[in-house]
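Residue-level listing of the chains:
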Number of protein chains: 2
Amino acid sequence: MLHAVIMAGGSGTRFWPASRRDTPKQLLAVSGDRTMIQSTVDRVAGLVPDDRCTIVTSQRLAAAVRTQLPDVNLIAEPCKRDTAACIGLAAIAVLAKDPDATMLVMPSDHVIETAAAFQQAVTRGERLLAEDSQRIVTFGILPSYPAESFGYVQRGKPIVTDGQVVGYEVMTFREKPDLPTAREYCQSGSFYWNSGIFLWRASLILDLIRKFEPVMAAHLDAIGAAWGDASIDSVLDEHFAAIIGKSIDYAVMERHDRVCVIEAPFEWDDVGSWQAIARLGEPDSRGNCVRGKHVGIDTKNCIVYGSDDHAIVTIALDEMIVVRAGNATLVAPKHAEERVREAVKELERRQLDEFL
Amino acid sequence: MLHAVIMAGGSGTRFWPASRRDTPKQLLAVSGDRTMIQSTVDRVAGLVPDDRCTIVTSQRLAAAVRTQLPDVNLIAEPCKRDTAACIGLAAIAVLAKDPDATMLVMPSDHVIETAAAFQQAVTRGERLLAEDSQRIVTFGILPSYPAESFGYVQRGKPIVTDGQVVGYEVMTFREKPDLPTAREYCQSGSFYWNSGIFLWRASLILDLIRKFEPVMAAHLDAIGAAWGDASIDSVLDEHFAAIIGKSIDYAVMERHDRVCVIEAPFEWDDVGSWQAIARLGEPDSRGNCVRGKHVGIDTKNCIVYGSDDHAIVTIALDEMIVVRAGNATLVAPKHAEERVREAVKELERRQLDEFL
């Protein structure tokens, strides 16, 4: 049966100051009323009931996630060990419930529209797995601009079923490229953005981790052997911490020979940073995307993100980001927004924990 | 005897959002611990005791002024009618206590250093009045740059007493000039900034208002006749409101033939707008003037004004002003700071009173 695994351990640093250590991006309602993680669960409603939904998050965030989603399964990682270990752990939990499980793995902090189109893509992926259970299915996004901040997937031969192209074989995965390379990718017509959404048999992904990452797999198998036992907490603490973190792309995707990609029929945004607010929102006639009370004098193409009980006044600004959330304010030109990370690191260095 | 009159009815709009309708600039501690109006009273301590200090303010601010300065005399104007009426009203109050009073008139929102140098200048002014009780004494500031936002005073013949230049006769008053004119004034060496600080006999200033502004004087005399009576509140309400507002410069200074100017031996700043913070503060090695918690990434020559319980993070900013005070935030380039007024007007137009 189909199970959903939602990875929700991210810190959302670039979304500071809205995103904080205890309430990162995935726990916020970035667009609409539901938080991003709630929307991620909503998105598979009908396809995957709550009791087959598993959220993997950090111990720090577990209680907050539980409050937002009381009915799903929850795994709290004792520490961060990148996506391969996270996915391996989730596979153990899913297989313990359903040895025949298919696993849909999704980040918790993407905006995807529509849910119907997303479910259609997942169903298409299930067809690819029904044909060949050794496949890994990825979902590729047609690039709308030469992004330097995403990984790319190059498609190869089409996979045709009943005279219809269902997906493509993956030729290569590419790390975040520089701008000229990203432009080449876009022009080639054969590259997709790697959405970080995967579909596979739960037993296959564990087998592949065993094959490509035997040391990591030994720790995961130790955890798997103790699953459901009284000793699980201490075993998990010990063996998960002992894993050397690696992304699932490095550990498995780039090494397996039967990876395929489905061209996403849905709108996708990774909401990576403040500019996403401009992409997701409706800019006004002067190109400003505004949340909360704002008075703009000679202000255009700005992102202003505040609240109704606080007035943000901007004068003679263009292409700027002004964010006020809780006890912190950020002011930066749009082009410098990647440097929010630096600022957060500086707050850490100065031990200004109350603002993190 | 010497009496001090402090005009404290200003709105300090350009200092928004620190300056608000109910707590304008003069009621704030802009530099140091004491508020500007408290510092103004402190400045004449020793020269003028509290019971010879009179503050003229608005009814809206009277209670707050009383809290900050419990021991001085207080007059609450029923409405704003510019400086001539304000000064006339103060003269009535002062003369009621002391028919022989000399009146030192000061704005409540200037930074002046040192108090000793200021008192020395006042004492020099008293010498000029002792020689000729028909004189008006003004205090001129040697321009440090060609300011367009101040009025200017052109000095004429020196006034020499005991072989010493005590002051100068005033040749002309000039309104706020444009930049080329301001440059000429500065180069000429004979122009001062008009500090808005005056010294005169209280009876003289009322006589001069009677001479140059008989209609205004009639209203003031009606108020003077009722001073100390039970009817004063209603008489004041009626006659003060009936006055057509005029500045003391227009009404008297530019028309009287015995105005003199003393070159100020003190440092002076009118704290007119946010740039004053940079002038008064100690910029750090990157040229930033900071109050409160600030993390600046690639930030220089900025004014950042916040508090210790709120972090302001700025990235890649130069020559900007970022102010967070109470329930409002201002972001503007330094060169556009005069437009804070526009923003405040827009808040008024949109009836966003809670931010004013």
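Above this text you will find the structure in question.
Per chain, residue numbering runs from 1 following the sequence as it is written. The naming scheme follows written order: chains are lettered A onward, ligands numbered 1 onward. Where local features are concerned, this predicted model is filtered to residues with pLDDT of at least 70; where side-chain atom pairs are given and counted, the filter is 80 or more; whole-chain, interface and lining totals use all residues. The basis for the side-chain values is all heavy atoms of the structure; hydrogens and waters are excluded.

Caption draft 1: Fine view of the overall build of chain A. Along the backbone of chain A there are 11 helices and 17 strands. Relative to the 2.2 N^0.38 estimate, which gives 21 Å for 356 residues, the radius of gyration of chain A is 21 Å and therefore close to what a compact globule would have. For the exposure calls, accessible area comes from a 1.4 Å probe over protein chains only, and a residue counts as buried if that area is under 20% of its type's maximum, exposed if over 50%, partly exposed in between. Taken across its 356 residues, chain A has 56% of its residues classed as buried. The criterion used for residue contact is that any of the two residues' heavy atoms lie within 4.5 Å. Contacts in chain A between residues at least 24 apart in sequence constitute 66% of all its contacts with a sequence separation of at least 6. Accessible surface for chain A amounts to roughly 14700 Å². Of this, 48% is attributable to carbon and sulfur atoms. The centroid of the 38 positive side-chain charges in chain A is displaced by 3 Å from the centroid of its 49 negative side-chain charges. Think of it this way: any DSSP run of H or I at least four residues long counts as a helix, any run of E at least two long counts as a strand, and we number them from the N terminus. Radius of gyration: C-alpha atoms only; globule rule: 2.2 Å multiplied by the number of residues to the exponent 0.38. Residue exposure ignores everything except the shown protein chains as possible cover, and the areas themselves are Shrake-Rupley values with a 1.4 Å probe. In this count, Lys and Arg are taken as positive residues and Asp and Glu as negative ones, while His and the chain termini are left out. Think of each charge as sitting on NZ of Lys, CZ of Arg, CG of Asp or CD of Glu.

Caption draft 2: Just the interface of chain A and chain B, in detail. Contact residues are listed per partner, giving 37 residues for chain A and 37 residues for chain B. A combined buried area of about 2800 Å² lies between chain A and chain B, and 69% of that area is made up of carbon and sulfur atoms. The term buried area denotes the loss of accessible surface (1.4 Å probe radius) that occurs when two parts are joined, taken as the sum for both partners. Of all residues in chain A, Val 313, Ile 315 and Val 331 of chain A give up the largest surface area on contact with chain B, accounting jointly for 21% of the area buried on that side. Each salt bridge in this description consists of a side-chain nitrogen of Lys or Arg and a carboxyl oxygen of Asp or Glu lying within 4 Å of one another. One can count two salt bridges joining chain A with chain B. A salt bridge links Arg 339 of chain B to Asp 298 of chain A; its shortest N-O distance comes to 3.2 Å. Two N or O atoms form a polar contact when they lie within 3.5 Å of each other; inside protein one atom must be a possible hydrogen donor and the other a possible acceptor, and for residues adjacent in sequence the pair counts only when both atoms belong to side chains. Across the contact surface, chain A and chain B share 20 residue pairs in polar contact (both at pLDDT 80 or more). Among the secondary structure elements, those contributing two or more residues to the side of chain A that touches chain B are strand E13 (293-300), strand E15 (311-318), strand E16 (320-325), strand E17 (328-333) and helix H11 (340-349) of chain A.

Caption draft 3: Looking closely at the pattern of salt bridges. Residue and element names in this part refer to chain A. Overall, the coordinates contain 41 salt bridges over all chains when judged by the stated rule. Close ionic contact of Arg 350 with Glu 346 constitutes a salt bridge, the shortest N to O distance being 4.0 Å. Through salt bridges that share partners, Asp 207, Arg 210 and Asp 221 make up one connected network.

Caption draft 4: Representation of the relation of the copies chain A and chain B in the model. The two copies are related by a screw operation: chain A maps onto chain B through 179° of rotation and 0.0 Å of translation along the axis, at an RMSD of 0.1 Å. Given the turn and translation reported, the copies of this chain are related as if by a two-fold rotation axis. Closest to the rotation axis within chain A is the C-alpha of Val 331 of chain A, separated from it by 4.0 Å. Take the interface residues of chain A: 100% of them recur as interface residues in chain B, which is what a same-surface contact looks like. C-alpha atoms of residues with pLDDT of at least 70 in both copies form the basis for the least-squares superposition of the copies.

Caption draft 5: Highlighting the sheet that holds strand E12 (residues 289-291) of chain B. Two strands make a pair as long as DSSP finds a minimum of two bridges between them. In space, the six strands of this open sheet follow the order E13(A)-E15(A)-E17(B)-E16(B)-E14(B)-E12(B), with mixed pairing throughout. The strands lining the two open edges of the sheet, one partner per strand, are E13 of chain A together with E12 of chain B. Direction aside, the axes of adjacent strands within the sheet are offset by 5° on average. Note that E15 of chain A and strand E17 (residues 328-333) of chain B share four bridges and pair parallel. What sits directly across from Val 313 of chain A, in E17 of chain B, is Leu 330 of chain B. Every axis in this analysis is a line fitted to C-alpha atoms, fitted for helices over the stretch in contact. Angles between the N-to-C directions lie between 0 and 180 degrees.

Caption draft 6: Here's a closer look at the packing of helix H7 (residues 214-226) of chain B against helix H8 (residues 232-242) of chain B. All names here are of chain B. Where H7 contacts H8, the two axes come as close as 9 Å, and the packing angle between them is 170°. The angle between H7 and H8 falls in the class roughly antiparallel. Touching His 219, Ala 222, Ile 223 and Ala 226 of H7 are Ile 232, Val 235, Leu 236, His 239, Phe 240 and Ala 242, all from H8. What sets the label is the angle itself: under 35 degrees gives roughly parallel, over 145 gives roughly antiparallel, 65 to 115 gives roughly perpendicular, and the rest give oblique.

Caption draft 7: The packing of aromatic side chains, seen in detail. Residues and elements named next belong to chain A. Here a pair means two rings of Phe, Tyr or Trp (six-membered ring of Trp) with centres within 6.5 Å. Their orientation is stacked below 30 degrees between planes, edge-to-face above 60, and tilted elsewhere. Evaluation of the coordinates by the stated rule reveals 22 aromatic pairs over all chains. Each member of the aromatic cluster is reached from another via a ring pair, and the members are Tyr 145, Phe 150, Trp 193 and Trp 268. In this structure, Arg 155 packs its charged tip against the face of Tyr 168, placed 4.3 Å from the ring centre. Criterion for a charge above a ring: Lys NZ or Arg CZ within 6 Å of the ring centre, and within 35 degrees of the ring normal.

Caption draft 8: Broad picture of the packing of helix H3 (residues 82-97) of chain B against H7 of chain B. Residue and element names in this part refer to chain B. Across the interface, H3 lies against H7 with an axial gap of 10 Å and an inter-helix angle of 30°. With respect to each other, H3 and H7 are oriented roughly parallel. Viewed along their axes, H3 and H7 form a crossing whose handedness is right-handed. Between H3, through Ala 84, Ala 85, Gly 88, Leu 89 and Ile 92, and H7, the contact on the second element is made entirely by Met 216, Leu 220, Ile 223 and Gly 224. For the contact of H3 with H7, a count of residues per class yields seven nonpolar, two polar and no charged. Whether a crossing is left-handed or right-handed is set by the direction in which the near helix is turned from the far one by less than a right angle, anticlockwise for left-handed and clockwise for right-handed. All residues other than Ala, Val, Leu, Ile, Met, Phe, Trp, Tyr, Cys, Pro, Asp, Glu, Lys and Arg, Gly among them, are scored as polar; the first ten of these are nonpolar and the last four charged.

Caption draft 9: Up close: unusual backbone geometry. Residue and element names in this part refer to chain B. Here the amide bond leading from Trp 16 into Pro 17 is cis, since omega sits at 5°, within 30 degrees of zero. Mapped onto the elements of the fold, Pro 17 is located in the loop between strand E1 (2-7) and helix H1 (36-43). That bond from Glu 113 to Thr 114 is cis: its omega, -5°, falls within 30 degrees of zero. On the secondary structure map, Thr 114 appears in the loop between strand E5 (111-113) and helix H4 (115-131).

Caption draft 10: View of the layout of surface pockets. Residues and elements named next belong to chain B. Two kinds of site are reported from a 1 Å grid over the protein atoms alone, namely cavities, where a 1.4 Å probe fits but cannot get out, and pockets, open sets with protein on both sides within 12 Å along at least five of seven lines, and residues are called lining when an atom falls within 4 Å of a point. Grid points are joined across faces, edges and corners, and a volume is the space filled by probe spheres set on the points. Approximately 1500 Å³ is the volume found for the second largest pocket. Taken together, 45 residues form the lining of the second largest pocket, with Asp 82, Thr 83, Pro 107, His 110 and Lys 176 sitting closest to its centre. A breakdown of the residues in the lining of the second largest pocket according to their chemical character gives 13 nonpolar, 17 polar and 15 charged.

Caption draft 11: Just the sheet that holds E17 of chain A, in detail. If you walk across this open sheet you meet the six strands as E12(A)-E14(A)-E16(A)-E17(A)-E15(B)-E13(B), and the pairing is mixed. Edge positions in the sheet fall to strand E12 (289-291) of chain A together with strand E13 (293-300) of chain B, since each of these pairs with one other strand and no more. Across the sheet, the mean angle from the axis of one strand to that of its neighbour is 5°, orientation sign disregarded. Examined bridge by bridge, E13 of chain B and strand E15 (residues 311-318) of chain B share seven bridges and lie parallel to one another. Bridge pairing in E15 of chain B links His 294 of chain B to Ile 312 of chain B. Most of the contacts of H11 of chain A go to E13 of chain B, to which it runs at about 140°, and overall it touches E17 of chain A together with E13 and E15 of chain B.

Caption draft 12: Highlighting the pairing of strand E7 (residues 152-161) of chain A. Residue and element names in this part refer to chain A. Note that E7 and strand E8 (residues 164-174) share eight bridges and pair antiparallel. Bridging across to E8, Thr 161 finds its partner in Gln 164. The turn linking E7 back onto E8 is made up of two residues, and Asp 162 within it adopts a positive phi angle of 50°.

Caption draft 13: Molecular detail of the pairing of strand E2 (residues 53-58) of chain B. Residues and elements named next belong to chain B. In terms of burial, E2 is largely enclosed, as six of its six residues are buried. Neither face of E2 is left uncovered, since the one carrying Cys 53, Ile 55 and Thr 57 and the one carrying Thr 54, Val 56 and Ser 58 both have all their residues buried. Examined bridge by bridge, E1 and E2 share four bridges and lie parallel to one another. Among the inter-strand pairings, Met 7 is bridged to a residue of E2, identified as Val 56. For the handedness criterion, the β-α-β arrangement of E1, H1 and E2 is classed as right-handed. Inspection of the sheet shows E2 paired to strand E3 (residues 73-77) by five bridges, in the parallel sense. The residue of E3 that forms the bridge with Thr 54 is Asn 73. Chirality of the crossover, the property in question, places the unit of E2, helix H2 (residues 59-68) and E3 among those that are right-handed. Seen with the strands pointing away from the viewer, any crossover whose path from the first strand over the helix to the second strand runs clockwise is right-handed.

Caption draft 14: Quick look at the side chain of Glu 213 of chain A. All names here are of chain A. With respect to the helices and strands, Glu 213 occurs in the loop between helix H6 (202-212) and helix H7 (214-226). By relative accessible area, which is 13% here, Glu 213 ends up buried. Only 2.7 Å separates the side chain of Glu 213 from the side chain of Lys 246, close enough to count as a polar contact. Beyond its immediate sequence surroundings of up to four residues, Glu 213 is in contact with Leu 208, Lys 246, Ala 251 and Arg 255.

Caption draft 15: Region of interest: helix H6 (residues 202-212) of chain B. All of the buried residues along H6 of chain B are Ala 202, Leu 204, Ile 205, Leu 206, Leu 208, Ile 209 and Phe 212 of chain B. Elements that come into contact with the buried residues of H6 of chain B comprise H3, strand E4 (102-107), strand E6 (136-141), strand E9 (191-201), H7 and helix H9 (248-253) of chain B.

Keep in mind that these numbers describe shape and distance, not what the molecule does.
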